[in-house]
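# Close look at the chain arrangement
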Amino acid sequence: MSRSAHPAGPRHADVLPEGHYTAPAEDLNALDPKVWAHTVGRDADGVVTVGGIAVTQLAEEYGTPAYILDEADFRDRARAWRTAFGNDADVFYAGKAFLSRAVVRWLHEEGLNLDVCSGGELATALSAGMPAERIAFHGNNKSPEEIERAVRAGVGRIVLDSFQEIVRVAHIAQSLGTRQRVQIRITVGVEAHTHEFIATAHEDQKFGIPLAGGQAAEAVRRALQLDGLEVIGIHSHIGSQIFDMSGFEVAAHRVVGLLKDIRDEHGVELPEIDLGGGLGIAYTSDDDPREPHEIAKALTEIVTRECEAARLATPRISVEPGRAIVGPTAFTLYEVGTVKPLDGLRTYVSVDGGMSDNIRTALYDAEYSVALASRTSDAEPMLVRVVGKHCESGDIVVKDAFLPGDLAPGDLIAVPATGAYCRSMASNYNHVLRPPVVAVRDGAARVIVRRETEEDLLRLDVG
Ligand SMILES: *Cc1c(COP(=O)(O)O)cnc(C)c1O
């Protein structure tokens, strides 16, 4: 087992040591460009603006809580990934991070491809006009109906996740009189999170077919024999919120090793390799993510080097960033409801949303930052915990942060970097209505996912 640790300390996954909080920032009114969307700033009155619109105006028009998404920033980041990888590689946006029809259109316009992992995501992609050949279909338990729909639609690839699925997809494709392009997802024994990765011989998780014990090689052997399948490559996804490229290095080494074995055994050089997603973003000022062009350069070099050593032609690379594209582009706008100081401990700030619009803090102990958005303040910093309105003491949005000591009910606060895995993981817990997603660009705002209504809730409840 090899382990690589970052000098910043033992930060594993999204988890921080108990009781961790940093000192207050020098200026609580400052907005660190690392964690905020590109067009975010403050106007002359100190109100946070995005795309030229003040959050006070957005709150008035669309209510709170709301996810406010900077469309120009989304397009910039999508384009940066596309440009960084150029024409020799493909970028697939991971739809599970956040998917809506507007997002699908932006991706299409910016030349990206799209990963989906359910019938619902596929339906969203197709209904917004994403060409099927630019869609990849993922998942460890796709239903026969989902597979048939994907094959009929003509998706560019299905990523096969098990021995049973190899046969299932081959059978469905053949019965539809077609050959489905597929990749085989393998697990290479690399588990990567944030500043650490662990390389092992085995991986104990539900996704993919293990490289260990020759299982991945056997999967490729079987898939190559089936008429319904055209095997185009190998897929490997090693983790999430990764800053350190060394996990990808070990993964690429092992994937290329498999490609070499396949060539030696079958005389076939598979033309593609997909290295998955998982690239990290800054949730707080302590995080230092890499730029897409650095990541592209590093990944391309790793694969090229490994292939040269194995005397293989370099396969076409694809990557699947989700969080790294959409994560930083949105913030959640909340209204402060109650402010409760607990002597000698901290102040609890309750907002009008919570774990139903951001489950990541409860689920992963994720760290977020927060800023007073409707005004600036020179008051002394106070240590706060931003909590929601749910009947659950774990209903925490921001575990430890500093806000100005004069914070009061009616103030708007904003939590940045909530573009990924917040709306897409939102729930109706306590029958709270899921917030809208409002896209802002060049002084204009529009709702791309509307707020849920009580009518929506009651429509599902058929008595
Ligand atoms: C979740 C996932 C991604 C995207 O991960 P991010 O951390 O959002 O970049 C990409 N590929 C696969 C197979 C995934 O499961």
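As shown above, the structure is provided for reference.
Below, the structure is looked at part by part. This is a predicted model, so every value here is computed, not measured.

This next bit is on helix H6 (residues 163-175). With 13 residues, H6 extends 19 Å from end C-alpha to end C-alpha; this agrees with the ideal 18 Å at 1.5 Å per step. Of the positions making up H6, those classed as buried are Glu 165, Ile 166, Val 169, Ala 170, Ile 172 and Ala 173. In an axial view of H6, the angular spread of the buried residues amounts to 165°, which keeps them on one side of the axis. Along H6, exposed side chains directed more than 90 degrees from the buried face belong to Gln 164, Val 167, His 171 and Ser 175. Summarising the contacts, the buried residues of H6 are in contact with helix H5 (144-153), strand S9 (157-160), strand S10 (180-187), strand S13 (209-210), helix H7 (215-224) and strand S14 (229-235). Backbone geometry just downstream of H6 places Gly 177 in the positive-phi region, at approximately 70°.

Attention shifts here to the site of the ligand. Around the ligand lies a shell of 14 residues, among which Lys 96, Gly 278, Glu 320, Arg 323 and Tyr 421 are the nearest. Gly 278 has a polar backbone atom sitting 2.8 Å from an oxygen atom of the ligand. Burial of the ligand by the surrounding chains reaches 92%, relative to a free accessible area of 390 Å². The pocket occupied by the ligand, as judged from atoms lying within 2 Å of grid points, is the largest pocket.

A separate point is the packing of aromatic side chains. Scanning the model with the defined rule gives five aromatic pairs in all. On the numbers, 6.0 Å between centres and 10° between planes, the contact of Trp 81 with Phe 85 is stacked. Taken together, the positions of Trp 81 and Phe 85, both in helix H2 (residues 71-85) and four residues apart, correspond to about one turn of that helix. As far as burial versus exposure is concerned, Trp 81 and Phe 85 are alike and both buried.

To continue, consider the sheet that holds strand S2 (residues 41-42). Here three strands make up an open sheet; going across it, the order is S2-S3-S4 and the pairing antiparallel. Looking at which strands have only one partner, the edges of the open sheet turn out to be S2 and strand S4 (53-54). Two strands pair when backbone bridges link them, and strand S3 (residues 48-50) and S4 are joined in this way by two bridges, in the antiparallel orientation. Along S4, the bridge assignment pairs Thr 49 with Ala 54.

What counts, and at which threshold
Residues numbered from 1 in each chain as written. Predicted model: local features only at pLDDT ≥ 70, side-chain atom pairs only at ≥ 80, totals over all residues. Heavy atoms only, no water. Helix = DSSP H or I, 4+ residues; strand = E, 2+ residues; numbered from the N terminus. Expected span 1.5 Å × (residues − 1). Buried < 20%, exposed > 50% of the residue type's maximum accessible area, 1.4 Å probe, protein only. Arc of directions from axis to C-beta. Contact = heavy atoms within 4.5 Å. Near = heavy atom within 4 Å. Polar contact = N/O pair within 3.5 Å; in protein donor to acceptor, adjacent residues only side chain to side chain. Areas by Shrake-Rupley, 256 points an atom, 1.4 Å probe, with all protein chains shown as cover. 1 Å grid on protein atoms, 1.4 Å probe; cavity = no way out; pocket = protein on both sides within 12 Å on 5 of 7 lines; lining within 4 Å. Sits in = over half its atoms within 2 Å of the grid points. Phe/Tyr/Trp six-rings, centres within 6.5 Å; stacked < 30°, edge-to-face > 60°. Pairing = 2+ DSSP bridges.

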